[in-house]
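Observations on the three-dimensional arrangement
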Amino acid sequence: MDEAKLNDFMGKLVSDMGAAAMLANVILGDELGLYKAMADSRPVTPQTLAAQTGCHPRLIREWLNAHVASGYMEHHDGHFVLPEEQALALAIEDSPVYVAGGMMVVASMFHDKDKLVAAMRGDGGLAWGDHHPCMFSGTERFFRPGYKSFLVAQWLPALDGVVDKLNAGAQVADIGCGHGASTVVMAQAFPASRFTGFDYHAPSIATATQRANEGGVDDRARFAQATAKDFPGTDYDLICYFDCLHDMGDPVGAAQHAYQALKPDGTVLLVEPFANDTLDENINPVGRLFYAASTFICTPNSLSQEVGLGLGAQAGEARLREVFEAAGFRSFRRATQTPFNLILEARR
Ligand SMILES: C[S@@+](CC[C@H](N)C(=O)[O-])C[C@H]1O[C@@H](n2cnc3c(N)ncnc32)[C@H](O)[C@@H]1O
């Protein structure tokens, strides 16, 4: 037994336990409006923050102390500051790095623990709709900042000829659309085009319809319940999958359905979690997060459906290329990437 190695590992575990406990505190701060109250980076005392947010001052002091001990806040003479950089991640929902809302995905993993125990001991399946409801809103809030920042500005322009078609008026399908965050962002940017979001989870379709209404795009974005293998239509210019293809039981079947639903010169936009092609290449903070989430969410979802391919959230470009080649697509390339996403283009 190597005592130095043991000490290193214990240090890592204590740090990870602290991180998990802090995530619960981040969820509190998000729900109670504490970060938003500190978003201007002006110093607060526990008393002023408690008065401003209607919370108990003693608990606020403990919450602030936890943030200082975690490096999330600074303190001087009994005053606490949320620095601008931390505010971007925790308080400002429109910032590209806002992550506080997405913590509910992790919360759902804890709520769903017993279901995962059963899946692990059983057939491996846990369907999307069987997660705690905070999974659905958490997923929307986790992904929306990235779509708002990058989808129209960077991802669509990285595809061959797609922006011109969208400006002129294109037919678009957004498969596995969830709460429709990506659909609404595209519909707001391209008023001449028509967008249909499909998802097999009926409650998500109801929320997406509401989001299109709130976003002022219900004239051009509509939503319907359908699976990736039975959605209607045969003349799409663009078919999109945002962080959902690897969740499906039969991604090859889904890609085959997209092949026949596209116009001959149409395009598939496949947005997947960033991953390299091997486990050894994914030993990094992003790979760690996505493998851990995939154990609870993506892989059991795939195993709950027909075929049950179980690609997992770290499939990587080479494996995804095999899926599209098996479905008959002749062209498949990485259009662009972010630290969290691979943006891939498939064409017939
Ligand atoms: C991780 S969520 C992503 C949701 C959305 N695209 C987004 O980016 O916010 C995966 C979505 O895929 C949907 N899904 C999974 N399997 C599906 C299938 N076979 N057909 C249609 N939708 C599916 C789930 O219901 C869920 O809404």
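Look above for the structure.
Here goes a summary of the coordinates provided. In this text, all values refer to a predicted model and were calculated from it rather than measured experimentally. (Residues numbered from 1 in each chain as written. Predicted model: local features only at pLDDT ≥ 70, side-chain atom pairs only at ≥ 80, totals over all residues. Heavy atoms only, no water.)

1. Some thoughts on helix H3 (residues 46-53)
Residues of H3 that are buried: Pro46, Leu49 and Ala50. Taken end-on, H3 shows its buried residues confined to a sector of 100 degrees, consistent with a single buried face. In this structure, H3 carries Gln47, Ala51 and Gln52 as exposed residues pointing more than 90 degrees from its buried face. Where H3 is buried, its residues touch helix H2 (34-37), helix H4 (57-69) and strand E2 (79-81). Where H3 ends, the next residue or the one after it, Gly54, has phi of about 70 degrees, a positive value. (Buried < 20%, exposed > 50% of the residue type's maximum accessible area, 1.4 Å probe, protein only. Helix = DSSP H or I, 4+ residues; strand = E, 2+ residues; numbered from the N terminus. Arc of directions from axis to C-beta. Contact = heavy atoms within 4.5 Å.)

2. A word on the packing of aromatic side chains
One pass over the full model with this rule turns up 13 aromatic pairs. For the pair Phe142 and Phe143, a centre-to-centre distance of 5.1 Å together with 65 degrees between the ring planes defines the contact as edge-to-face. Judged by its relative accessible area of 30%, Phe142 falls in the partly exposed class. Through pairs of rings, three or more aromatic residues link up here, namely Phe142, Phe143, Tyr147, Phe150, Trp155 and Phe242. The ring of Tyr259 has Arg348 lying over it, and the distance from NZ or CZ to the ring centre is 4.5 Å. (Phe/Tyr/Trp six-rings, centres within 6.5 Å; stacked < 30°, edge-to-face > 60°. Lys NZ or Arg CZ within 6 Å of the ring centre and 35° of its normal.)

3. Quick word on the site of the ligand
Surrounding the ligand, one finds 20 residues, the nearest of these being Tyr147, Gly176, Asp199, Phe242 and Gln305. For the ligand, the accessible surface in isolation is 590 Å², of which the surrounding protein chains cover 96%. At 3 residues, the largest contribution of residues to the shell around the ligand is made by helix H8 (residues 134-155). When grouped by side-chain class, the residues that make up the shell around the ligand number 10 nonpolar, 7 polar and 3 charged. (Near = heavy atom within 4 Å. Areas by Shrake-Rupley, 256 points an atom, 1.4 Å probe, with all protein chains shown as cover. Nonpolar A, V, L, I, M, F, W, Y, C, P; charged D, E, K, R; others polar.)

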